[in-house]
Amino acid sequence: MKKQRWIIFTLFIALLFTFTGCSQSPETKESPKEKPQTQKVSSASASGKKDLPNIKILATGGTIAGADKSKTSTTEYKAGVVGIESLIEAVPEMKDIANVSGEQVVNVGSTNIDNKILLKLAKRINKLLASDDVDGVVVTHGTDTLEETAYFLNLTVKSDKPVVVVGSMRPSTAISADGPSNLYNAVKVAGTPEAKGKGALVVLNDRIASARYVSKTNTTTTDTFKSEEMGYIGTIADDIYFNNVMTRKHTKDTDFSVSDLDQLPQVDIVYGYQNEGSYLFDAAVKAGAKGIVYAGTGNGSLSDASEKGAVSAVKKGVTVVRSSRTGNGVVTPNQEYAKKDLLASNSLNPQKARILLMLALTKTNDSQKIQEYFNEY
Ligand code: ASP
């Protein structure tokens, strides 16, 4: 009799777990089974609510998908371990503003995002946005190289529909994790008709920035993404407020397409500093670089040694673009440098100049045309 009662009790508990399915806090529901491979996650509502936008979330990893045993640790976590399913479950409120579904593209820290992943992501987004069933895309991403991916998408997505890249500075397990609110805001922006035609957007910390101008400016704080020179494109304060207009060419209006690409040309970055030699240019050329971005001092200035290396690279058919290590301002097309075919990055920082130069080199080796791209994009 006692045994029977025990069996009934056990069955009851098992059923309770099956039906609630959420006995664990969603934020800490890290599943070791969630492998970094393309994986589809079912829609938030099976049929989807007709009056809500359909938003696809593509997950790539990063701190937003990071976890640690300690709730107070914000730096000693492992990035890219929580899967898309858990990310969506952690923010059930998204279901009130969109029909959300997800896919795991990769699950890595963003320092490991490479050209192959960029191409895979851009192709997948183009395919999704070509469908009438998708109104916008959100990409979850590590913050370290987020601006590079966002700018790549800004130049290669062939749609007006919103593409929003989002990350977080605190792992999902931290007290006051910023991931859930950033993700909620990103979905809200992606589902807003006013976000159409603005190019790839970056949403963090209640701000909407253009992928063209935004940069990570602080190693650890939640207000790290700044658009210092140009300002943000908008703000989220429950409602969405767009303030700025994008004047640079993007998405449908660019010359670039990833549809026929299965690789990108190698472009390396050489950093400018006192007492440098010309050997870093030589090393890049030897390693197969087709382009070199120089993170120069000030207004993209080169020392005698770096100029020697840069000019020698140009003579070997490598395109060299001067950018600046200062983090702000325009690198002007200095006539002396221009005569030597050393191009100017305009206001692109070195890491974004690398993205544009890779795409430019898929179209042409003509330095004048490439300079035009830098002036336009
Ligand atoms: N290292 C992490 C990454 O870029 C940092 C972050 O996501 O904030 O994946």
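Keep in mind it's a predicted model, so treat the numbers as computed, not measured. (Residues numbered from 1 in each chain as written. Predicted model: local features only at pLDDT ≥ 70, side-chain atom pairs only at ≥ 80, totals over all residues. Heavy atoms only, no water.)

Colleague: Can you walk me through the overall build of the chain in this structure?
Modeller: The number of helices and strands found in the chain is 10 helices and 15 strands. A total of 377 residues make up the chain; the buried ones form 51% of that total. Long-range contacts, defined here as pairs at least 24 residues apart, represent 73% of the contacts in the chain between residues at least 6 apart. About 18100 Å² of surface is accessible on the chain, with carbon and sulfur atoms providing 51% of the total. (Helix = DSSP H or I, 4+ residues; strand = E, 2+ residues; numbered from the N terminus. Buried < 20%, exposed > 50% of the residue type's maximum accessible area, 1.4 Å probe, protein only. Contact = heavy atoms within 4.5 Å. Areas by Shrake-Rupley, 256 points an atom, 1.4 Å probe, with all protein chains shown as cover.)

Colleague: Looking at this structure, I do not really get the packing of aromatic side chains. What am I missing?
Modeller: Given two aromatic rings, their pairing is described by the distance between the two centres and the angle made by the two planes. The final tally for this structure, using the stated rule, is four aromatic pairs. With 5.1 Å between their ring centres and 65° between their planes, F256 and Y373 make a pair best called edge-to-face. In this pair, F256 sits in the loop between β11 (239-242) and β12 (267-271) while Y373 sits in helix α10 (residues 367-376), placing the two residues 117 residues apart along the sequence. For the residue pair F256 and Y373, the accessibility class agrees, reading buried in each case. Centroid distance F281 to Y294: 5.6 Å. Interplanar angle 35°. Geometry classified as tilted. Of this pair, F281 sits in helix α6 (residues 279-286) while Y294 sits in strand β13 (residues 291-296), placing them 13 residues apart in sequence. Exposure class is identical for F281 and Y294. Each is buried. Chaining the aromatic ring pairs together yields one cluster made of F256, Y373 and Y377. (Phe/Tyr/Trp six-rings, centres within 6.5 Å; stacked < 30°, edge-to-face > 60°.)

Colleague: How should I be thinking about the site of the ligand in this particular structure?
Modeller: Residues in close proximity to the ligand include G62, T63, Y77, G109, S110, G142, T143, D144 and S168, which together make up its full environment. With respect to the ligand, the side chain of D144 contributes an N or O atom lying 2.9 Å from a nitrogen atom. With respect to the ligand, the backbone of S168 contributes an N or O atom lying 3.3 Å from an oxygen atom. When the residues that make up the shell around the ligand are grouped by side-chain class, the tally is one nonpolar, seven polar and one charged. (Near = heavy atom within 4 Å. Polar contact = N/O pair within 3.5 Å; in protein donor to acceptor, adjacent residues only side chain to side chain. Nonpolar A, V, L, I, M, F, W, Y, C, P; charged D, E, K, R; others polar.)

Colleague: Is there a simple way to think about the UniProt feature "binding site: substrate" (unreviewed entry) in the chain in this case?
Modeller: Listed under "binding site: substrate" (unreviewed entry) in the UniProt record, and renumbered for this structure, are S110, T143 and D144. Across 35 residues of sequence, these annotated residues stay compact in space, with a maximum C-alpha separation of 6.8 Å. Tracing the backbone through its elements, the reader meets S110 in the loop between β3 (99-108) and α3 (115-129). S110 gets classed as buried once you look at its relative accessible area, which sits at 4%. Its location among the elements puts D144 in the loop between β4 (136-140) and α4 (146-156). Apart from residues no more than four positions distant in its own chain, D144 is found in contact with S110, T111 and K216. (UniProt positions renumbered as here; feature names shortened; annotations may be inferred.)

Colleague: Whenever I open this one, the nonpolar core confuses me. Can you help?
Modeller: One broad trend across soluble globular proteins is that nonpolar side chains are buried collectively. One finds I125, F152 and L153 to be the most contacted residues of the largest nonpolar core, which totals 52 residues. Those elements giving two or more residues to this core turn out to be β3, α3, β4, α4, β5 (163-166), β6 (201-204), α9 (350-361) and α10. Grouped together as the second largest cluster of nonpolar side chains are 31 residues, L201, I208, Y213 and I236 included. (Core = buried A, V, L, I, M, F, W, Y, C linked by side-chain atoms within 4.5 Å.)

Colleague: Would you mind going over the layout of surface pockets with me for this structure?
Modeller: Approximately 500 Å³ is the volume attributed to the largest pocket. The wall of the largest pocket is formed by 30 residues, among which S215, G327, N328, N349 and Q351 lie closest to the centre. Of all the elements in the fold, those that place two or more residues in the lining of the largest pocket are α4, β8 (215-216), β14 (319-324) and α9. (1 Å grid on protein atoms, 1.4 Å probe; cavity = no way out; pocket = protein on both sides within 12 Å on 5 of 7 lines; lining within 4 Å. Points joined across faces, edges and corners; volume = space filled by probe spheres on them.)

Colleague: Explain the pairing of β13 here, please?
Modeller: Note on strand geometry: in a regular strand, side chains alternate between the two faces of the sheet. Burial analysis of β13 places six of its six residues in the buried class, the great majority of the element. Residue alternation in β13 divides its side chains into two sets, G291, V293 and A295 and I292, Y294 and G296, and both sets are buried. Bridge count between β12 and β13: five bridges; the pairing is parallel. Note on β13: the bridge partner recorded for Y271 is A295. Tracing the backbone out of β12, into α6 and back to the parallel element β13 gives a crossover that is right-handed. As defined by bridge partners, β13 adjoins β14 across six bridges and the pair is classed as parallel. In the sheet register, G296 faces β14, and the bridge partner there is S324. With helix α7 (residues 304-315) bridging β13 and the parallel β14, this β-α-β connection has right-handed handedness. (Pairing = 2+ DSSP bridges. Right-handed = clockwise from strand over helix to strand, strands pointing away.)

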